[in-house]
Amino acid sequence: MSTPRTARALARETLTQEILDAARARLRSDGPAGLSLRAVARDVGMVSSAVYRYFPSRDALLTRLLIDSYGELGEAVERAETEVAREDTGGRWLAACRALRTWCMDRPGDFALLYGTPIPGYAAPQDTVEPATRVIQVLARIVGDAYADGARAVPAPRGGAGTDATVAGARDFVVEHGLARSGLATESVVRTLMAWSQLFGTVSFELFGHLAGSVTDPARWYDEVAIRLAADLGIQLRV
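- As recorded by an unreviewed UniProt entry, the chain carries the name TetR/AcrR family transcriptional regulator and is attributed to Myceligenerans indicum.

Spelled out as structure tokens, the structure:
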């Protein structure tokens, strides 16, 4: 049986959430580099010294925002993917990819924090790494299941990296974080990581206006990117 929380603990949780909500609003208006504890304190009606009792520094607040945002993005992608039948790897892939885009489009400030310009003077600590891998874990799990069912990635192009240190590093990353079966072929590993980066890159282009004038329907364009990435991995989508 869990211990009931005291009124003091509940009040602290409530105020902590108010600070986080105000910080997220500041992310939208000022960008990650402009986040200021003093401004957040004003927004929640506190003196800045009081906020330091909850977050001892701007970096501590940024780290909490990173962990929470990575977690919420990962949860959204996981939830969408689990709603599709396990044998439908193509459907699972597209559901995960669409959930990724939806979350990012709904949360542009959080997206900028996670995948935008690095914040001067801030280095994310190690405890942000695991939450940051939740999306790639979902993608790799789908790829692993498809591979077990016979899906094979398209061959590497002539002149590709093959088995050099770069490709070996990609495999090490996947295996280290338990992102896929260790028996997954090297080309499937490489293309899974490429797909991960291309999906977020496509979202970034849309959010920061780089598709304007070249793509009339960003949502359909994103779907086409996701479908072609699946094809590169040998994953078939049901028509």
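1. Some words on the overall build of the chain
Alright, step 1. Helix and strand counts for the chain stand at 11 helices and 0 strands.
Alright, step 2. Along the chain direction, N to C, the helices and strands of the chain fall in the order α-α-α-α-α-α-α-α-α-α-α.
Alright, step 3. Counting only residues that meet the buried cut, the chain has 46% of its 239 residues in that class.
Alright, step 4. Carbon and sulfur atoms provide 53% of the accessible area of the chain, an area that totals close to 12800 Å².

2. Regarding the packing of helix H10 (residues 186-207) against helix H11 (residues 218-232)
Alright, step 1. With their axes 10 Å apart at the nearest point, H10 and H11 run at an angle of 170° to one another. Between H10 and H11, the angle falls in the class roughly antiparallel. Taken together, the residues of H11 that come into contact with H10 (itself represented by Arg191, Ala195, Gln198, Leu199, Thr202, Val203 and Glu206) are Pro218, Trp221, Tyr222, Val225, Ala226, Leu229 and Asp232.
Alright, step 2. Split by residue class, the contact of H10 with H11 holds 9 nonpolar, 2 polar and 3 charged.

3. Overview of the UniProt feature "DNA-binding region" (unreviewed entry) in the chain
Alright, step 1. In the UniProt entry, the feature "DNA-binding region" (unreviewed entry) is given for residues 36-55.
Alright, step 2. In this annotation, residues 36-55 is assigned 55% helix and 0% strand; the end-to-end C-alpha distance for the span is 12 Å.

4. Some details on the side chain of Glu206
Alright, step 1. Structurally, Glu206 is set in helix H10.
Alright, step 2. For Glu206, a relative accessible area of 16% gives the class buried.
Alright, step 3. Setting aside residues no more than four positions away along its own chain, Glu206 makes contact with Arg101, Met105, Leu211 and Pro218.

5. Points about helix H8 (residues 134-148)
Alright, step 1. For H8, which comprises 15 residues, the first-to-last C-alpha distance of 21 Å matches the rise-based estimate of 21 Å (1.5 Å per residue) to within 8%.
Alright, step 2. What H8 keeps buried is the set Val135, Ile136, Val138, Leu139, Ala140, Ile142, Val143, Gly144, Ala146 and Tyr147.
Alright, step 3. Of the surrounding secondary structure, the elements contacted by the buried residues of H8 are helix H4 (58-82), helix H5 (89-106) and H10.
Alright, step 4. Looking one or two residues past H8, Gly150 carries a phi angle of roughly 110°, positive in sign.

6. Examining the nonpolar core
What tends to happen in soluble globular proteins is that the nonpolar side chains get buried as a cluster.
Alright, step 1. In terms of nonpolar packing, the biggest core is built from 63 residues, with Ile19, Leu61, Trp93 and Leu100 touching the most fellow members.
Alright, step 2. Considering every element that reaches this core, the biggest residue donor is H4, with 9 residues.
Alright, step 3. Dropping the residues within four chain positions of it, Leu61 is found in contact with Ile19, Leu20, Ala23, Leu35, Leu37, Val40 and Phe55.

7. Re the confidence of the model for the chain
Alright, step 1. The predicted model of the chain averages 88 in pLDDT, with 87% of residues at 70 or higher.
Alright, step 2. Per-element mean pLDDT across the chain ranges from 65 in helix H9 (residues 165-176) up to 98 in H5.

8. Digging into the environment of Ala151
Alright, step 1. Here Ala151 is to be found in the loop between H8 and H9.
Alright, step 2. Residues Ala151 and Gln236, spaced 85 residues apart in sequence, show a C-alpha to C-alpha distance of 8.2 Å.
Alright, step 3. Look past the residues within four positions of Ala151 in its chain and what remains in contact with it is Ala146, Leu233, Gly234 and Ile235.

9. What about the environment of Pro218?
Alright, step 1. Position of Pro218 relative to the elements: it lies in helix H11.
Alright, step 2. Considering only alpha carbons, one finds Pro218 and Val203, 15 residues apart in sequence, at a separation of 8.9 Å.

10. Examining helix H1 (residues 7-30)
Alright, step 1. For H1, spanning 24 residues, the distance from its first C-alpha to its last is 34 Å, which sits close to the expected 34 Å at 1.5 Å a residue.
Alright, step 2. Along H1, the residues classified as buried are Leu15, Thr16, Ile19, Leu20, Ala22, Ala23, Arg24, Arg26 and Leu27.
Alright, step 3. Following H1 by one or two positions, Gly31 has its phi on the positive side, about 80°.

So, how was this worked out
- Residues numbered from 1 in each chain as written.
- Predicted model: local features only at pLDDT ≥ 70, side-chain atom pairs only at ≥ 80, totals over all residues.
- Heavy atoms only, no water.
- Helix = DSSP H or I, 4+ residues; strand = E, 2+ residues; numbered from the N terminus.
- Buried < 20%, exposed > 50% of the residue type's maximum accessible area, 1.4 Å probe, protein only.
- Areas by Shrake-Rupley, 256 points an atom, 1.4 Å probe, with all protein chains shown as cover.
- Axes fitted to C-alpha atoms, helices over the stretch in contact; angles between N-to-C directions.
- Parallel < 35°, antiparallel > 145°, perpendicular 65-115°, else oblique.
- Contact = heavy atoms within 4.5 Å.
- Nonpolar A, V, L, I, M, F, W, Y, C, P; charged D, E, K, R; others polar.
- UniProt positions renumbered as here; feature names shortened; annotations may be inferred.
- Expected span 1.5 Å × (residues − 1).
- Core = buried A, V, L, I, M, F, W, Y, C linked by side-chain atoms within 4.5 Å.
- pLDDT = per-residue confidence, 0-100.

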